[in-house]
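Per-entry structural report
Chain by chain, the residues:
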Amino acid sequence: MRRRITDKLVAWKEQSLNRMPLLLYGARQVGKTYILREFGKKYYKNVVYINFEINKNISSYFTENIDPIRLIRYLETLSNERILPGDTLVIFDEIQSCERALTSLKYFNENIPEYHIACAGSLLGVAINREKYSFPVGKVKSMTLFPIDFEEFLWALNEEKLCEEIEHSYHTNKPLPEALHLHALDLYKIYLIIGGMPKAVLEYVDTKSFVLVPEAQRNIVNDYIADMSKYATKSESVKILSAYDSIPVQLAKDNRKFQYKLAQKGGTANIFGSSIDWLRFANIVLKCERIETGSMPISVYRDLSNFKLYMGDVGLLTMKSGISSQVILSAGEIDNIFLGALAENFVAQTFAAKQYGLFYWTSDALAEIDFVLQKGNEIIAVEVKAGIRTKSRSLKIFIDKYHPSYSIRISLKNFGFENNIKSIPLYATFCI
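We now turn to the structure provided with this report. From a predicted model like this one, the values you see are computed outputs, not experimental measurements. (Residues numbered from 1 in each chain as written. Predicted model: local features only at pLDDT ≥ 70, side-chain atom pairs only at ≥ 80, totals over all residues. Heavy atoms only, no water.)

Within a beta sheet, neighbouring strands are joined by backbone hydrogen bonds and run either parallel or antiparallel to one another. Taken in spatial order, the five strands make up an open sheet running 2-3-4-1-5, and their pairing is parallel. Looking at strand neighbours, the two that pair on one side only are strand 2 (46-51) and strand 5 (141-145), the edges of this open sheet. Geometrically, the sheet is characterised by an average inter-axis angle of 20° between neighbouring strands, direction not taken into account. Of the pairings in the sheet, the one linking strand 3 (residues 88-93) to strand 4 (residues 116-120) comprises five bridges and is parallel in character. Paired with aspartate 93 across the bridge in strand 4 is alanine 120. On the sheet, helix 1 (residues 5-14) packs against strand 1 (22-26), strand 3, strand 4 and strand 5 and is oriented at approximately 165° with respect to strand 5. (Pairing = 2+ DSSP bridges. Helix = DSSP H or I, 4+ residues; strand = E, 2+ residues; numbered from the N terminus. Axes fitted to C-alpha atoms, helices over the stretch in contact; angles between N-to-C directions. Contact = heavy atoms within 4.5 Å.)

Each regular strand displays side chains that alternate between the two surfaces of the sheet. The element strand 4 is largely enclosed, with a buried count of five among its five residues. Residue alternation in strand 4 divides its side chains into two sets, His116, Ala118 and Ala120 and Ile117 and Cys119, and both sets are buried. Here strand 1 runs beside strand 4; their pairing, made up of three bridges, is parallel. Bridge pairing in strand 4 links leucine 22 to alanine 118. Chirality of the crossover, the property in question, places the unit of strand 3, helix 5 (residues 99-111) and strand 4 among those that are right-handed. (Buried < 20%, exposed > 50% of the residue type's maximum accessible area, 1.4 Å probe, protein only. Right-handed = clockwise from strand over helix to strand, strands pointing away.)

Opposite charge on two side chains allows them to pair when their charged atoms are near. Under the definition given, this model contains 26 salt bridges. Residue arginine 4 pairs with glutamate 152 through a salt bridge whose shortest N-O separation is 3.8 Å. Pair noted here: arginine 4 is in the segment before helix 1 and glutamate 152 is in helix 7 (residues 150-156), with a separation of 148 residues, a long-range link. Assessed through its relative accessible area of 32%, arginine 4 is described here as partly exposed. Residue classification places glutamate 152 among the buried residues on the basis of a relative accessible area of 5%. One salt bridge connects lysine 239 with glutamate 236, and the closest N-O pair in it is separated by 3.3 Å. With lysine 239 and glutamate 236 both in helix 12 (residues 234-245) and three residues apart, the pair spans about one turn of that helix. Each of Arg3, Arg4, Asp149, Glu151 and Glu152 takes part in one network of salt bridges that share partners. (Salt bridge = Lys/Arg side-chain N within 4 Å of Asp/Glu carboxyl O.)

This next bit is on the state of the cysteines. Applying the stated criterion to the full structure yields zero disulfides. There is no disulfide at cysteine 119, and the cysteine sulfur nearest it, in cysteine 98, is 11 Å away. Classification of cysteine 119 by relative accessible area gives buried; the value is 0%. Summary of cysteine pairing: cysteine 431 is not part of a disulfide, and the nearest cysteine sulfur, belonging to cysteine 163, is at 8.2 Å. Residue cysteine 431 is classed as buried on the basis of its relative accessible area of 14%. (Disulfide = S-S within 2.5 Å.)

Next comes the structure, spelled out in structure tokens:
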């Protein structure tokens, strides 16, 4: 499947000066290994693939001398492949399993930068497995791979032309033709069920059926739970799982602020703080922090004690919540509060993939703006509605107080621009 990150990988490959070893982060089952191997096949003459989790013997070799030339000769012998600068991509997979291999990237960068080294790993594992050796700060190029977003989902369905029409309407503020608008809405609703985890997307692309998708999603969640046991103590794993399992309950409320008591009776920040950090490092959840004022720069106005947690993938939220596909796919306006939670999670996931900071704004319990973005010197309020009913006093309160040049309302309505509010259909969130 076509992924947007490939363009960044190509730019990394073609960098003639100061190209550092690449470290690709991302949640389990998000496609890190696949994208690196496909990138290697397409843009290099050959690929040498090393998995440190599967082959522990290789890890033991790295405990000795990590002179990069010595390592290259060893990897050539192991793979029976010549490793040539610029022609060979060396992939270190599950690099968090070999602390010394991570350290070796410093010397690849300093001594033989002409060799192309790309690594895939868990940010959580890299952060935790730092017992003896230092992280090669300033010596690696880091990228993060997120779940497939809605635009990439459309690519997988051969809907490239629809993407072009959506982008055209976004930039011109002209409504999409009604037939295309309804078609795009249907695909958006399908995406809420499938989500962006590659195995779930491939299952749907191959079968055009939802039947086996939940099984693929449950297997992914089971992988997450296995990681909880692997990288945390037994008692900490219980708290991590409790926090994770509580997310659908948290988002089902009118006030979606994370409440520790919903994860565990008597729960507090002291009990669950490190568990939430664990989930964030693992890229399993997205944290949206409250800001107290809509002024620039918004990041300095964070209220660290109030936040929302969204799932890293909206399809997993749909599966864990148990909401039926029929409710999501319904053509009518359904008064179901959890559809609003799914819409917000979808937007949060889209913004996270663009690496926008996630912030929301409230005002004395009188108004709440779902997301606030900063674009240069501008502060942009983003209101999310799950249906076509878009009347809300919150956006007006924010506008009256901070006077932004324009604001954004995301809903099931078609494109438009009125009263300095840019109306964007949910399926076009990727254009923002």
